[in-house]
Amino acid sequence: YKILNIIIKKIGENKMEEESIMIKRCIGCGTKLQQTNPNEPGYTPKTDAKYCVRCFKMTNYGQIKPEKVNKNNQDVINLMNKSTSTVFFLTDILNINAETMQTFQRITTPKVLVISKSDIIPNEISGDKLIKSLQETYHVTTDIIALSAKKHVYTKSILKYMENNNIKKSYLAGYTNCGKSTLINEITGKNDITTSSSVNTTLDFINIPIGSLTLMDTPGFNYQEPLYNETNLNLVKKINPSTMIKPKSYQTKENQVFIIEDMLEFQNFGQNKVIFYISNDLDLKKKYASTTETYPLSIKDNTDIVIKGMGFINVKKACTVMISKNAKPYIETRTSILGGCHE
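How each quantity is defined
Residues numbered from 1 in each chain as written. Predicted model: local features only at pLDDT ≥ 70, side-chain atom pairs only at ≥ 80, totals over all residues. Heavy atoms only, no water. Pairing = 2+ DSSP bridges. Helix = DSSP H or I, 4+ residues; strand = E, 2+ residues; numbered from the N terminus. Axes fitted to C-alpha atoms, helices over the stretch in contact; angles between N-to-C directions. Phe/Tyr/Trp six-rings, centres within 6.5 Å; stacked < 30°, edge-to-face > 60°. Buried < 20%, exposed > 50% of the residue type's maximum accessible area, 1.4 Å probe, protein only. Salt bridge = Lys/Arg side-chain N within 4 Å of Asp/Glu carboxyl O. Contact = heavy atoms within 4.5 Å.

Asks: Whenever I open this one, the sheet that holds strand E12 (residues 294-299) confuses me. Can you help?
Replies: Consider a sheet: its strands pair through backbone hydrogen bonds, and that pairing is either parallel or antiparallel. Overall, antiparallel pairing links the five strands, which are arranged E11-E8-E9-E15-E12 in an open sheet. Bordering the open sheet on either side are strand E11 (284-287) and E12, each of which pairs with just one other strand. Adjacent strand axes in the sheet meet at a mean angle of 25° when their direction is disregarded. With four bridges joining them, strand E8 (residues 257-260) and E11 adopt antiparallel strand pairing. Across the sheet, residue Val257 finds its bridge partner in E11, namely Lys287.

Right under this line is the structure:
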């Protein structure tokens, strides 16, 4: 039965590869090229084109056209789980939360958790300590690779892992805007895969041969309740940092209110120390009065308030913070993944 199951998986994997070769696809986003409908993904007026018009304009003119991915999260997971190939699941340190980790756990084929931009938070925690913290907090039992935020540093770690473990083909998966396509371009030394600050840049699976190895880029996963959608381009750009962030630390007072982008409010940490780990480009204000409807959230010592899709706030001392009700779908808590470095 086990042998038969392996054979069935291998047949499915080969079928996907054959279909991707037979159907001409855009090498930038993976979608099927077509010459009939300019309003549909994959359109190009040229029969010999390598890129669809959307990718060509994004790459050459910076013209971003948001698109929705036809495959939902479970479709992508199912396709990968039918394969025997290893999945490298990419996330940056600001987007580690319960939903991303639950998605990672739903992948049943061999997998590795890859933390991109692990050093985007300056002088806080070493790669080894971060890995140990993630293993404990999210019960990760598979291998974890921590990549540097600096370009071309440690980007070959994935290829080295594949060679050391005799892996010929692997998938690169992760949530939209996690940097999969950028990482592939850095690994290959080319810029064939389209990258942008928009969500859902990659629309379908893309085979990338690298010598004797093959990486497959995948459509990005989307949050069940995202902070932003494909039309909120300005917010998307602000949320995803391109440089090392500068944590904003405050000694708080009673009834103090913090507001992020005029969207999310956090009221009354008491006399405390809080550190905001969010993109430098996001607008963070503070004041002493608010009429926003809130709900209470109990916080223990050295806890992270995670803002799903944006970052996190470390709270040093136990308190009950009041959070605007519109933020509720995006908020969760965890023991600080940065350990005791906040002392």
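Moving on, there is more to tell.
Asks: Just checking my understanding: could you explain the packing of aromatic side chains for this structure?
Replies: Aromatic ring pairs are reported here in terms of the distance separating the ring centres and the angle at which the planes meet. Tallied over the entire structure, the rule returns 10 aromatic pairs. Note on Phe258 and Phe269: the rings are 6.0 Å apart at their centroids and 65° apart in plane angle, and the pair reads as edge-to-face. Of the two residues, Phe258 is situated in strand E8 and Phe269 in the loop between strand E9 (264-267) and strand E10 (272-277); the sequence distance between them amounts to 11 residues. In this structure Phe258 comes out as buried when scored by relative accessible area, which is 0%.

Asks: Can you walk me through the pattern of salt bridges in this structure?
Replies: Oppositely charged side chains are able to pair whenever their charged atoms sit close together. With the rule as written, the count across this model stands at six salt bridges. With a closest N to O distance of 3.3 Å, Lys238 and Glu261 form a salt bridge. Taken together, the positions of Lys238 in helix H8 (residues 233-239) and Glu261 in the loop between E8 and E9 put the pair 23 residues apart, joining distant regions of the chain. The class for Glu261 is buried, based on a relative accessible area of 17%. One salt bridge connects Glu293 with Lys325, and the closest N-O pair in it is separated by 3.2 Å. You can see Glu293 sitting in the loop between E11 and E12 and its partner Lys325 sitting in the loop between strand E15 (319-324) and strand E16 (331-335), a full 32 residues away along the chain. Taken together, the shared-partner salt bridges connect Asp262, Asp283 and Lys285 into one network.

Asks: Is there a simple way to explain the side chain of Thr91 in this structure?
Replies: Note on placement: Thr91 falls in strand E1 (residues 86-92). Residue class for Thr91 comes out buried when judged on its relative accessible area of 3%. Not counting the four nearest positions on each side in its chain, Thr91 is found in contact with Ile96, Met101, Leu113, Val114, Ile115 and Ser116.

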